[in-house]
Amino acid sequence: MFGKLSWAAVPLHEPIPMITSVVVILILLGVIGWVVAKGHWRYIWDEWITSVDHKRIGIMYILLGAVMLVRGFADAIMMRTQQAAAIGESAGYLPPEHYNQIFSAHGTIMIFFAAMPLVIGMMNYVMPLQLGVRDVAFPTLNSVGFWLTAAGALLVNISLFVGEFARTGWLPYPPLSETTYTPGVGVDYYLWAVQISGIGTLMTGVNLVTTVLKMRAPGMSYLRMPMFCWTTLASNLLIIAVFPILTATLAMLTLDRYFGFHFFTNEAGGNQMMFVNLIWAWGHPEVYILVLPAFGIFSEIFSTFSGKPLFGYRSMVAATLFIVVVSCMVWLHHFFTMGAGPAVNTFFGIASSVIAVGTGVKIYNWIFTMYGGRVRFEVPMLWSMGFLVTFVIGGMTGVLLAIPPADFVTHNSMFLVAHFHNVILGGVVFALFAAIEYWFPKAFGFRLHPGWGKAAFWFAFIGFWVTFTPLYILGLQGMTRRLQHINYPEWAPMLYLSVFGVAILVVGAACQVIQLVVSIRDRDKLRDVTGDPWDGRSMEWATPSPPPMFNFAVIPNVEGEEAYWGIKTRAIETQRLGPEPVYKPIHMPLNSPVGVITAFFASVTGFALIWHIWWLVILGLVCAFAGFVWFAWRDIHEFEIPAEEVARIDRARRAARRAILERLAREQGKPA
Amino acid sequence: MDPKGPVGQGNRQIIVDATLIMLFIVVPTILLALWMGWRYRASNTKAEYLPYWSFSGRIEAVVWAIPILVIMFLSGEIWIGSHKLDPFRPLESDQKPVEVQVVSLDWRWLFIYPEEGVASVNELVIPAGRPVHFSITSSSVMNTFFVPQLGSMIYAMNGMVSQLHLQADQPGEFRGISGQFSGDGFSDMTFKVRSLPADQYAGWVSATRGAGPVLDQTAYAGLTHQSRDTRPFTFGAVQPDLFNAIATRQAPPGPGPVAQYGRETTPASGEN
């Protein structure tokens, strides 16, 4: 009846997962109870869970990513403390079978369920606003994509409580991940969680590429798009190109595990090297899927806070597309040590370092964006400067690893671990924190407290270097990654130092939480009434904060690069806004529960597949499909916002803008 | 970073060279970034303000040229280094290399000396100053064979044989590890490397030969079971062609663990 599932699957004798599970379940029940008791359930269901508004979905993505970031960070704390505790005779507090799950979960969660949702959430929220449109191309598909990602995250977290997670690393290399060597359900949890969320990501990729290609405001030609839209396009093109490879590769491993196929097995003609090639053909572009939008975020921030257009815009576009193409030709650098031969290694070594050309150009363009500017060191700008310093060094160690003979002694070492944290933390995570700071007032109508934001930055920046510099050194001393137990006591001082760095990072994370709490408390003081708190340059700042559901009362006509900057300078010069437009009723897509219903049954199906509960697999699939059919048959799919309502909302926006103009006029009128 | 052989020295040389080449660019870039931010800070009204300046062909040419030139320089390093330090390439030496066949087990290392007819587990003994030719395979999952102080590592994979050439210049003791996660016993999957002067090495071979058990397919099958017992021991004789049988899977591969209720059981530490 229940397949492999029984009470023995619940780790009752292991305190860490049990206590965590109980706490998580209590918090969940508490939140749900509070929502129901306060009568917010209706609001959350109508306005958020079933919402197809790209802004709401973007915020939910970011919320999911933030929660998973905390979960992944907790794993990281356990890993660093275990390594510091388990030196020489001591075994530490985590046995290998538990520790191995933790580092596998850390990687899986951070990439698939923290970084990806945060990046996709940003693209979802900002890109349609910057393009001057009302939503993405396929709003309901957007909701499905989000909920499938959430379903994957749910499965990973269920594994904490029921069964176990993979003990094979975040990329389960066969033959270790085959049933012979890993017969448990851990790898199956990994496979189905990543598979379900991967489908969601692919849907998002299709959706956002279509949006950029087909949905721009009139006059918004490709070379007038803000840099963030370009990098969004680039990143989503990569998603479409490589996520099918991931799906296919994991499907092959699934067939090996469930039906005794021999794609990657040792016997019957299977080949483990094939898996390694395929997974990195996805895995390396995946890095750029994350980091290209980060580059877009920094481009927006450097330009806004320097009070200048981005330096070398066309050069930036070229560098971005260059990275897109080359990123698909470098995967072999993840396994120079597999013995491919000098010619192959040379090709991939050079191809990998060539990426540094595109990145290097971008770095210089950001630096020259500041040239001749008036640089305001607000919190987003601090993260960006921290990024410049950190990322250049991460890039350098990356090129070092791309040199095959150097990789022969640093492959899989702590040096590698330090390198990719250097670029992913220093590049992607710094960008996301900068972006949250930068676009938060747009999304919620008030700024985040700058003092706590600055504290968070400095703790994160210093904490990062204190954590990872020792790991670089340990890597050069021959320490390999994923060690549950350290045999060489002379590594202890560096490992302790690294734990100290993690402690600083914890303080930084606490500052972020405090910043959020303080800002919500003082929201009236931090209120953004103008809709343009940073003196922005692209179209999202033309809307009020938070933007109305339809974003723009009238779709703007774009007349140059930096669309909003043009409108704003014209208004300031002429001392008045453009003429009031004729307001028309707006048709917006109806909310739909199809996303959450599909994802619910996808989770059920995934869980049933993991535990071999075949009747539930069929039931889940049928119900998920039925949800789609029901959605496809609906008659009404749009509703109308009447013209008076549009006019009312937009007149308020115009009044706020007029107030800015008057204030500016008064300030200029004053004697200097 | 304290190499004891020509391969390790080669690896280190490349790391040092490449780092210096890149620091030559990276340090000025960081300083430029910080200076630029400082010079054009909003409170510095003495700096000129160029609100529309956003393109300069000359600067563009320079910022594309700098990374391209650096990468061209490094490409030379990559090309030469990849060929010279290719793990499969024999080392230049007037001495005939020692043949060692390496099998990664769950979670131990087996070293077979086909010419000497001996074998050892978790202890690699090599003569100093003479190249060693390793033929490497795995009894089950992937590992990498890595002696950090001697240089390059390479994967050990079931059903396949990879090659590695290393040399220890001086007598000494080094650490050997696996560089690829391979399961629960991975962390302690270490081995000792003893580099001995030629006469002592010959002494070790003759002392080992004939002493201890015989390594044949049955004894090998016993070794393939998962074990976290890392104590070294030796075999006094080796069935000829055993390595070939392992690499071609005629000798059965490691059986792996047993599952229970979806959670895996692992043998306790020290269990054989």
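Residues numbered from 1 in each chain as written. Chains lettered and ligands numbered in written order. Predicted model: local features only at pLDDT ≥ 70, side-chain atom pairs only at ≥ 80, totals over all residues. Heavy atoms only, no water.

Undergrad: Looking at this model, I keep getting lost on the overall build of chain A. Mind explaining?
TA: The helix and strand inventory of chain A stands at 19 helices and 2 strands. In terms of overall size, chain A behaves like a compact globule, its C-alpha atoms giving a radius of gyration of 25 Å where 672 residues would be expected to give roughly 26 Å. Its C-alpha atoms put chain A at 75 × 55 × 45 Å along the principal axes. By residue count, 62% of the 672 residues in chain A fall in the buried class. When the accessible surface of chain A is summed, it comes to about 24,200 Å², and 72% of that surface belongs to carbon and sulfur atoms. Within chain A, one finds 42 positive and 38 negative side-chain charges whose respective centroids are separated by 9 Å. (Helix = DSSP H or I, 4+ residues; strand = E, 2+ residues; numbered from the N terminus. Rg over C-alpha atoms; globule rule 2.2 N^0.38 Å. Buried < 20%, exposed > 50% of the residue type's maximum accessible area, 1.4 Å probe, protein only. Areas by Shrake-Rupley, 256 points an atom, 1.4 Å probe, with all protein chains shown as cover. Lys, Arg positive; Asp, Glu negative; His and termini not counted. Charge placed at Lys NZ, Arg CZ, Asp CG, Glu CD.)

Undergrad: Can you walk me through the nonpolar core in this structure?
TA: Soluble globular proteins: nonpolar side chains tend toward being buried together. Ranked by internal contacts, the top residues of the largest apolar core, which has 261 residues, are Trp366 and Leu388 of chain A together with Leu124, Phe134 and Phe145 of chain B. For this core, the leading source of residues is helix α4 (residues 96-131) of chain A, giving 22 residues. In this structure, Leu388 of chain A is in contact with Phe302, Ile363, Trp366, Ile367 and Met370 of chain A together with Ala33 of chain B, ignoring residues within four places of it in sequence. Membership of the second largest hydrophobic core comes to 16 residues, among which are Leu105, Leu110, Leu223 and Ala251 of chain B. (Core = buried A, V, L, I, M, F, W, Y, C linked by side-chain atoms within 4.5 Å. Contact = heavy atoms within 4.5 Å.)

Undergrad: Is there a simple way to think about the packing of helix α5 (residues 139-158) of chain A against helix α17 (residues 594-610) of chain A in this case?
TA: In a pair of packed helices, the angle between the axes and the distance between the axes together describe the arrangement. Residues and elements named next belong to chain A. Close contact between α5 and α17 brings their axes to 8 Å; oriented N to C, the two are set at 30°. Here α5 lies roughly parallel to α17, going by the angle between them. At the point where α5 passes α17, the crossing takes the right-handed sense. Contact residues: α5 offers Thr140, Ser143, Val144, Trp147, Leu148, Ala151, Leu154, Leu155 and Ile158, while α17 offers Val594, Gly595, Val596, Ala599, Ala602, Ser603, Gly606, Phe607 and Ile610. A class-by-class count of the residues in the contact of α5 with α17 yields 13 nonpolar, 5 polar and no charged. (Axes fitted to C-alpha atoms, helices over the stretch in contact; angles between N-to-C directions. Parallel < 35°, antiparallel > 145°, perpendicular 65-115°, else oblique. Left-handed = near helix turned anticlockwise from the far one by under 90°. Nonpolar A, V, L, I, M, F, W, Y, C, P; charged D, E, K, R; others polar.)

Undergrad: Explanation requested: the sheet that holds strand β10 (residues 191-196) of chain B in the structure shown.
TA: Paired through backbone hydrogen bonds, the strands of a sheet run either parallel or antiparallel to each other. Residue and element names in this part refer to chain B. The strand order across the open sheet built from 5 strands is β4-β10-β9-β6-β7, with neighbouring strands paired in mixed fashion. Strands with a single pairing partner mark the edges of an open sheet, and in this sheet they are β4 (123-127) and β7 (151-156). For this sheet, the mean angle separating the axes of adjacent strands, direction not counted, is 20°. One ladder, built from 5 bridges, connects strand β9 (residues 172-178) with β10; its direction is antiparallel. When the bridges of β10 are listed, Gly172 appears paired with Ser195. Where helix α3 (residues 198-208) meets the sheet, its contacts fall on β4 and β10, and the angle it forms with β10 comes to roughly 125°. (Pairing = 2+ DSSP bridges.)

Undergrad: What is the right way to look at the interface of chain A and chain B in this model?
TA: Accessible area lost on assembly of the parts is the figure often given for the size of an interface. Taken together, the contact pairs 103 residues of chain A with 94 residues of chain B. At the boundary of chain A with chain B, total buried surface from both sides reaches about 8,300 Å², with 67% on carbon and sulfur atoms. Between the two partners, chain A and chain B, sit 2 salt bridges. With a closest N to O distance of 2.3 Å, Asp184 of chain B and Arg167 of chain A form a salt bridge. Across the chain A-chain B interface, the total number found is 25 residue pairs in polar contact (both at pLDDT 80 or more). At the level of secondary structure, the elements contributing two or more residues to the side of chain A that touches chain B comprise α4, α8 (272-306), α9 (313-327), α10 (342-370), α11 (379-401), α12 (404-410) and α16 (563-574) of chain A. Among the elements that line the side of chain A that touches chain B, the one with the most residues is α10 of chain A, at 18 residues. (Buried area = accessible area lost by both parts, 1.4 Å probe. Salt bridge = Lys/Arg side-chain N within 4 Å of Asp/Glu carboxyl O. Polar contact = N/O pair within 3.5 Å; in protein donor to acceptor, adjacent residues only side chain to side chain.)

Undergrad: What am I meant to see in a nonpolar patch on the surface here?
TA: Residues and elements named next belong to chain A. Taken together, the side chains of Val24, Leu28, Ile32, Val36 and Trp41 make up a nonpolar region of the molecular surface, amounting to roughly 470 Å² of accessible area. Ranked by residue count, the leading element in the nonpolar patch is helix α1 (residues 15-38), at 4 residues. By secondary structure assignment, the location of Trp41 is in helix α2 (residues 41-49). (Patch = residues over 30% accessible without salt bridge, like charges linked within 9 Å, V, L, I, M, F, W, Y side chains within 5 Å.)

Undergrad: Can you walk me through helix α6 (residues 186-214) of chain A in this structure?
TA: Because an α-helix completes one turn every 3.6 residues, residues spaced three or four positions apart along the sequence face the same direction. Spanning 29 residues, α6 of chain A covers 42 Å between terminal C-alpha atoms, matching the ideal 42 Å at 1.5 Å per step. Counting buried positions over the 29 residues of α6 of chain A gives 23, a clear majority of the element. (Expected span 1.5 Å × (residues − 1).)

Undergrad: What should I look at first to understand helix α3 (residues 54-85) of chain A in this one?
TA: Between its terminal C-alpha atoms α3 of chain A stretches 46 Å, which fits the 46 Å expected from 32 residues at 1.5 Å a residue. A distance of 2.9 Å separates the backbone nitrogen of Lys55 of chain A from a side-chain oxygen at the start of α3 of chain A, and that oxygen is part of Asp53 of chain A.

Undergrad: What should I look at first to understand the packing of α5 of chain A against α6 of chain A in this one?
TA: All names here are of chain A. At a closest axis distance of 8 Å, the pairing of α5 and α6 adopts a crossing angle of 160°. Put simply, α5 runs roughly antiparallel to α6. Relative to α6, the crossing made by α5 is left-handed. The segment α5 lies against α6, with Leu141, Asn142, Val144, Gly145, Leu148, Thr149, Ala151, Gly152, Leu155, Val156 and Ile158 engaging Tyr189, Trp192, Ala193, Ile196, Ser197, Ile199, Gly200, Met203, Thr204 and Asn207. Counted by class, the contact of α5 with α6 contains 13 nonpolar, 8 polar and no charged residues.

Undergrad: What exactly am I supposed to notice about the pairing of β10 of chain B here?
TA: Two faces, one strand: in a regular strand the side chains alternate between the faces of the sheet. Sheet topology note: the β4 of chain B/β10 of chain B ladder contains 5 bridges and is parallel. Bridging across to β10 of chain B, Ile126 of chain B finds its partner in Ser195 of chain B.

Undergrad: Sorry, what's going on with the sheet that holds strand β12 (residues 233-235) of chain B here?
TA: All names here are of chain B. Ordered by their spatial adjacency, 6 strands build an open sheet running β8-β5-β1-β2-β3-β12, and the pairing between neighbours is mixed. The sheet terminates laterally at β8 (162-166) and β12, the two strands that pair on one side only. Between one strand axis and the next, the sheet turns by 25° as a mean value, whatever way the strands run. When strand β3 (residues 118-121) meets β12, the two strands line up antiparallel, connected through 3 bridges.

Undergrad: Explain the packing of aromatic side chains here, please?
TA: In this description, a pair of aromatic rings is defined by centroid distance and the angle of the planes. Residue and element names in this part refer to chain A. As enumerated under the stated definition, the model contains 64 aromatic pairs over all chains in all. Pairing Tyr99 with Phe103 gives two aromatic rings, centres 5.8 Å apart and planes at 65°, and the pair type is edge-to-face. Of this pair, Tyr99 and Phe103 both sit in helix α4, 4 residues apart, which is roughly one turn of the helix. You can call Phe103 buried: its relative accessible area is 6%. Through a chain of ring-to-ring contacts, the aromatic side chains of Phe112, Phe113, Trp170, Phe243, Trp280 and Trp282 assemble into a single cluster. (Phe/Tyr/Trp six-rings, centres within 6.5 Å; stacked < 30°, edge-to-face > 60°.)

Undergrad: I tried to follow the pattern of salt bridges on my own but got confused; where do I start?
TA: Pairing is possible between side chains that carry opposite charge, provided their charged atoms lie close to one another. Applying the stated criterion to the full structure yields 22 salt bridges over all chains. The salt bridge partner of Asp53 of chain A is Lys55 of chain A, with a shortest N-O separation of 3.2 Å. Residue Arg257 of chain A pairs with Asp188 of chain A through a salt bridge whose shortest N-O separation is 2.8 Å. With Arg257 of chain A in helix α7 (residues 227-259) and Asp188 of chain A in helix α6, the pair connects residues that are 69 residues apart, well separated along the chain. Several salt bridges converge on common partners, so that one network encompasses Glu164 and Arg167 of chain A together with Asp184 of chain B.

Undergrad: Hey, could you run me through the pairing of β3 of chain B in this one?
TA: Residues and elements named next belong to chain B. Of the two faces of β3, the one holding Val118 and Ser120 and the one holding Ala119 and Val121 are both buried throughout. Pairing of strand β2 (residues 109-113) with β3, which is carried by 4 bridges, proceeds in the antiparallel orientation. Each bridged residue has a counterpart across the sheet, and for Leu110 the counterpart in β3 is Val121. Hairpin geometry of β2 and β3 is characterised by an intervening segment of 4 residues between the two adjacent antiparallel strands and by a positive phi of about 70° at Gly117.

Undergrad: Explanation requested: the environment of Asn11 of chain B in the structure shown.
TA: When you line up the elements, Asn11 of chain B lands in helix α1 (residues 6-39). In this structure, the C-alpha to C-alpha distance between Asn11 of chain B and Gly151 of chain B, residues 140 residues apart in sequence, is 6.6 Å. Setting aside residues up to four positions removed in sequence, Asn11 of chain B forms contacts with Pro405, Phe408 and Val409 of chain A together with Leu85, Gly151 and Ser152 of chain B.

Undergrad: Just to check I follow, could you spell out the side chain of Ser197 of chain A for this structure?
TA: All names here are of chain A. Considering the arrangement of structural elements, one finds Ser197 in helix α6. Classification of Ser197 as buried rests on a relative accessible area of 2%. Looking at Ser197, its side chain comes within polar contact range of the main-chain oxygen of Val194, at 3.3 Å. Beyond its immediate sequence surroundings of up to four residues, Ser197 is in contact with Phe113, Leu148, Thr149 and Gly152.

Undergrad: Please clarify how the environment of Phe24 of chain B should be interpreted in this entry.
TA: In this fold, Phe24 of chain B is placed in helix α1. Note: C-alpha distance between Phe24 of chain B and Val70 of chain B (46 residues apart in sequence) is 9.6 Å.

Undergrad: I'm lost on unusual backbone geometry in this one. Help?
TA: Peptide bonds are trans in most cases, and residues, glycine excluded, mostly fall at negative phi. Residues and elements named next belong to chain A. A cis amide bond, omega -15°, links Ser545 with the succeeding residue Pro546. Mapped onto the elements of the fold, Pro546 is located in the loop between α15 (492-521) and α16. A positive phi is found at Asp535, a non-glycine position, where the angle reads about 60°. Summarising the element assignment, Asp535 is placed in the loop between α15 and α16. Taking the relative accessible area as the measure of exposure, Asp535 reaches 34% and is therefore partly exposed. Of note, Glu562 is a non-glycine position whose phi angle comes to about 50°, a positive value. Mapped onto the elements, Glu562 comes out in the loop between α15 and α16.

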